[in-house]
Amino acid sequence: MLTLGIETSCDETAIALYSEKQGLIAHSIHSQIDAHTQHGGVVPELASRDHIKKILPLIQKTIHDAQISADEIRGIAYTAGPGLTGALLVGASIARTLAWAWEIPAVAIHHMEGHLLAPLLETPAPDFPFVGLLVSGGHTMLVEVKGIGDYTILGESLDDAAGEAFDKTARLLGLGYPGGAALSQLAEQGNPERFVFPRPMTNRPGLDFSFSGLKTFAANTVQNEGLHFPSNLSGASKQQTRADIARAFEDAVVDTLIIKCRRALQQTHLKQLVIAGGVSANKTLREKLKRTLESLGGKVFYPRQEFCTDNGAMIAFAGYQRLRAGQCDDLSIKARARWNMEELTVP
Ligand code: KG4
Ligand code: ZN
């Protein structure tokens, strides 16, 4: 079965083709980051308009790159939520329309299920069951995964998502949007001893997270050190202070995530950890988690770097799994800004 995947939940138009026999055969992405950076964040209306412009040419390009003909496609998977409603509606309408015209099924995919299953595109892939750590710009959660659609949320962020905290702190340090990757790069030159940030909610039981206090801690440190972006960041010592703050912030987020992952593995008696979503691209997090899981006699699985952030491959793959298992959605166009993963069912 050849499945076309369509992702338009936020600021990336992404398309992929997943083949039952050959695996992933083509994928394309158009990022809108340049259009949104000047506004310091994603502008929903601009996102929807750009998806409309880019989606059909990108589908044509992906089919061309895969050297297939459109009539070989047997199913379509589209991101139906969570995300920006207008952006989701573009992908959902196109997916449903093409499915109608080509007389094939289309399935609505939960964006975070896409992220969660992305490491299954790699070799070796994890087996079910496993614990998933989903860390993106919109979500931070720990999920017990027994199989496709069988998800129990073990804990989640009560306020900012990890990626959101990275982006807000990056902004305080005068880095562009989204600033997670740039902050991480800056942190590499930072002195880990100079500032110590708290590890929120680790001194009490439970698997929930809270990251908004870390951003405030960073803001206070920036102010105490006399770094007033954008006017007062020049000079070598100020540059070093920025790097030191970035380092303290990254270490605090990474340590917090690791402490909660250890707890989740203990609680579920599982040995495999899957980490996905934009923040899973973070080098320090990947390295430290690898060492932690090795010390526990377990193993950690990640998507390749380009599939950590939003992409079409994860949606095509999740859709293929659901279509193969016999899921067949009705003809409605589904777009849900909010959608609890636990509502998903086993196909
Ligand atoms: O999964 P994603 O592409 O979009 C959402 O579904 O939200 O995640 C984007 C988030 C942004 O907050 C971005 O700053 C963060 O992932 N991110 C990183 C890194 N690369 C991307 N955060 C920390 N370190 C990175 N290397
Ligand atoms: Zn995402």
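Our structure's up above, just so we're on the same page.
Analysis parameters
- Per-chain numbering applies: the sequence of each chain, read as written, is numbered from 1 onward.
- All chains are assigned letters beginning at A, and all ligands numbers beginning at 1, according to the order in which they are written.
- In keeping with the model being predicted, local features are shown solely for residues with a pLDDT of at least 70 and side-chain atom pairs are shown and tallied solely at 80 or more, while totals for entire chains, interfaces and linings include all residues.
- The side-chain values count all of the structure's non-hydrogen atoms but skip hydrogen atoms and water molecules.
- Residues belong to one nonpolar core when they are buried, are Ala, Val, Leu, Ile, Met, Phe, Trp, Tyr or Cys, and are joined through side-chain atoms within 4.5 Å.
- Buried, partly exposed and exposed residues are distinguished by accessible area as a fraction of the type maximum, computed with a 1.4 Å probe on protein chains only: under 20%, between the cut-offs, and over 50%, respectively.
- Should any heavy atoms of two residues lie within 4.5 Å, those residues are considered in contact.
- We call two strands paired when DSSP finds no fewer than two bridges between them.
- Labels follow the DSSP assignment, with helices taken as runs of H or I lasting at least four residues and strands as runs of E lasting at least two, numbered in each case from the N terminus.
- Here the axes come from fitting lines to C-alpha atoms, over the contacting stretch only for helices, and the angles between their N-to-C directions go from 0 to 180 degrees.
- Aromatic rings from Phe, Tyr and Trp, with only the six-membered ring used for Trp, were paired whenever their centres fell within 6.5 Å, and each pair was classed as stacked if the ring planes differed by under 30 degrees, edge-to-face if by over 60, and tilted otherwise.
- Definition of nearness: a residue and a molecule or strand are near each other if at least one heavy atom of the residue lies within 4 Å of the molecule or strand.
- N or O atoms closer than or at 3.5 Å make up a polar contact, with two conditions inside protein: a donor-capable atom paired with an acceptor-capable one, and, for residues adjacent in sequence, both atoms drawn from side chains.
- Each accessible area is a Shrake-Rupley result for a 1.4 Å probe, and residues are judged covered by the shown protein chains and nothing else.
- By definition in this entry, angles of less than 35 degrees are roughly parallel, angles greater than 145 are roughly antiparallel, angles of 65 to 115 are roughly perpendicular, and the rest are oblique.
- In this scheme, a crossing is called left-handed if the near helix is turned counterclockwise away from the far one by less than a right angle; it is called right-handed if the turn is clockwise.
- Residues are grouped as follows: Ala, Val, Leu, Ile, Met, Phe, Trp, Tyr, Cys and Pro are nonpolar; Asp, Glu, Lys and Arg are charged; every other residue, Gly included, is polar.
- For salt bridges, the criterion is a side-chain nitrogen of Lys or Arg within 4 Å of an Asp or Glu carboxyl oxygen.

Novice: Mind showing me how you'd approach the nonpolar core here?
Specialist: Grouped together as the largest cluster of nonpolar side chains are 59 residues, with contacts concentrated most on Leu4, Ile6, Ile59, Ile76 and Tyr151. Residue contacts for Ile76: discarding those within four places in its chain leaves Leu4, Ile6, Ala95, Leu98, Ala99, Trp102, Ile104, Pro105, Ala106, Val107 and Leu323. Among the nonpolar cores identified, the runner-up in size contains 45 residues, and Ala170, Phe197, Ala248 and Tyr302 belong to it.

Novice: I keep staring at the sheet that holds strand 2 (residues 12–19) and nothing clicks. Help me out?
Specialist: For sheets, the rule is that strands pair by backbone hydrogen bonds, running either parallel or antiparallel. Spatial strand order, 3-2-1-4-5: 5 strands in an open sheet with mixed pairing. A strand with exactly one partner marks an edge of an open sheet, and here the two such strands are strand 3 (23–31) and strand 5 (106–110). Mean inter-strand twist for the sheet, computed between neighbouring axes without regard to direction, equals 20°. As defined by bridge partners, strand 2 adjoins strand 3 across 8 bridges and the pair is classed as antiparallel. When the sheet's bridge partners are listed, Thr13 is paired in strand 3 with His30. Here helix 3 (residues 85–102) sits on the sheet in contact with strand 1 (2–7), strand 4 (75–81) and strand 5, set at roughly 160° to strand 4. Sitting on the sheet, helix 10 (residues 313–324) touches strand 1, strand 2, strand 3, strand 4 and strand 5, and the angle it makes with strand 1 is about 130°.

Novice: Help me understand the packing of aromatic side chains in this model?
Specialist: The geometry of an aromatic ring pair is captured by two quantities: the separation of the ring centres and the angle between the planes. Scanning all chains against the criterion turns up 6 aromatic pairs. Ring centres of Tyr18 and Phe317 lie 5.2 Å apart, and the angle between their planes is 75°; this geometry places the pair in the edge-to-face category. Remark: Phe317 occurs in helix 10 and Tyr18 occurs in strand 2; sequence separation between them is 299 residues. The buried category is assigned to Tyr18, whose relative accessible area is 12%. Ring centres 5.8 Å apart and planes at 15° place the aromatic pair Phe209 and Phe211 in the stacked group. Pairwise contacts between aromatic rings join Tyr18, Phe317 and Tyr320 into one cluster.

Novice: So what exactly am I meant to see when it comes to the sheet that holds strand 6 (residues 130–135) here?
Specialist: Spatially, 8-7-6-9-10 is the arrangement adopted by the 5 strands of the open sheet, whose pairing is mixed. Only two strands of the sheet have a single neighbouring strand rather than two, namely strand 8 (150–156) and strand 10 (299–301). On average, each strand axis in the sheet is tilted by 25° relative to the strand beside it, whichever way the strands run. The strands touched by helix 8 (residues 236–268) within the sheet are strand 6, strand 7 (140–147), strand 8 and strand 9 (272–276), with strand 6 carrying the most contacts at an inclination of about 155°.

Novice: What should I look at first to understand the site of ligand 1 in this one?
Specialist: Around ligand 1 sit 18 residues, and of these Gly137, Asp167, Gly278, Asn282 and Asp310 come closest. A distance of 3.2 Å separates an oxygen atom of ligand 1 from a polar atom in the backbone of Gly163. Burial of ligand 1 by the surrounding chains reaches 86%, relative to a free accessible area of 560 Å². Of all the secondary-structure elements, those providing two or more residues to the shell around ligand 1 are helix 4 (111–117), helix 5 (162–172) and helix 6 (180–187). At 3 residues, helix 5 tops the list of elements feeding residues into the shell around ligand 1.

Novice: What am I meant to see in the packing of helix 2 (residues 44–65) against helix 3 here?
Specialist: Packed helix pairs are characterised by how far apart their axes lie and by the angle those axes make with each other. Taken N-terminus to C-terminus, the directions of helix 2 and helix 3 make an angle of 40°; their axes are 9 Å apart at the nearest point. When the interaxial angle is binned, helix 2 and helix 3 end up oblique. Our pair here, helix 2 against helix 3, has a crossing hand that is right-handed. Between helix 2 and helix 3, the residues in contact are Ser48, His51, Ile52, Ile55, Leu56, Ile59 and Ile63 and Gly86, Ala87, Val90, Gly91, Ile94, Leu98 and Trp102, respectively. When the residues that make up the contact of helix 2 with helix 3 are grouped by side-chain class, the tally is 10 nonpolar, 4 polar and no charged.

Novice: Can you walk me through the pattern of salt bridges in this structure?
Specialist: Once the charged atoms of two side chains with opposite charge are near each other, the side chains can pair. Enumeration over the complete set of coordinates arrives at 17 salt bridges. Among the ionic pairs, Lys215 bridges to Asp160, the shortest N-O distance being 3.8 Å. Of this pair, Lys215 sits in helix 7 (residues 212–224) while Asp160 is found in the loop between strand 8 and helix 5, placing the two residues 55 residues apart along the sequence. We classify Asp160 as buried; its relative accessible area is 8%. Bridged by salt links that share partners, the residues Asp160, Glu164, Lys168 and Lys215 form one connected network.

Novice: I would appreciate a short explanation of the environment of Gly190 in the present structure.
Specialist: Within the secondary structure, Gly190 sits in the loop between helix 6 and helix 7. As for Gly190 and Gln239, which are separated by 49 residues in sequence, their C-alpha atoms are 9.6 Å apart. Excluding residues that lie within four positions of it along the chain, Gly190 makes contacts with Gln240, Ala243, Asp244 and Arg247.

Novice: Help me understand the packing of helix 7 against helix 8, please; the structure alone is not making it clear to me.
Specialist: It is at 11 Å that the axes of helix 7 and helix 8 come closest, and there the two elements cross at 165°. In terms of orientation, helix 7 and helix 8 fall into the roughly antiparallel class. In the crossing of helix 7 with helix 8, the sense of the turn from one axis to the other is right-handed. For the pair helix 7 and helix 8, the contacting residues are Leu214, Thr221 and Val222 in the first and Ile245, Phe249, Ala252 and Val253 in the second. Here the contact of helix 7 with helix 8 is built from residues that sort into 6 nonpolar, 1 polar and no charged.

Novice: Explain the pairing of strand 1 here, please?
Specialist: Put simply, side chains in a regular strand alternate between the two faces of the sheet. Of all 6 residues making up strand 1, 6 are buried, and the element is well covered by its neighbours. Of the two faces of strand 1, the one carrying Leu2, Leu4 and Ile6 and the one carrying Thr3, Gly5 and Glu7 are both buried. In the sheet, strand 1 pairs with strand 2 via 6 bridges, with the strands oriented antiparallel. Each residue of the ladder has a partner; that of Ile6, found in strand 2, is Ile15. With antiparallel pairing between neighbouring strands as the criterion, strand 1 and strand 2 make up a hairpin whose turn holds 4 residues. The pairing of strand 1 with strand 4 spans 4 bridges and is classified as parallel. For Gly5, the partnering residue across the bridge sits in strand 4 and is Ala77.

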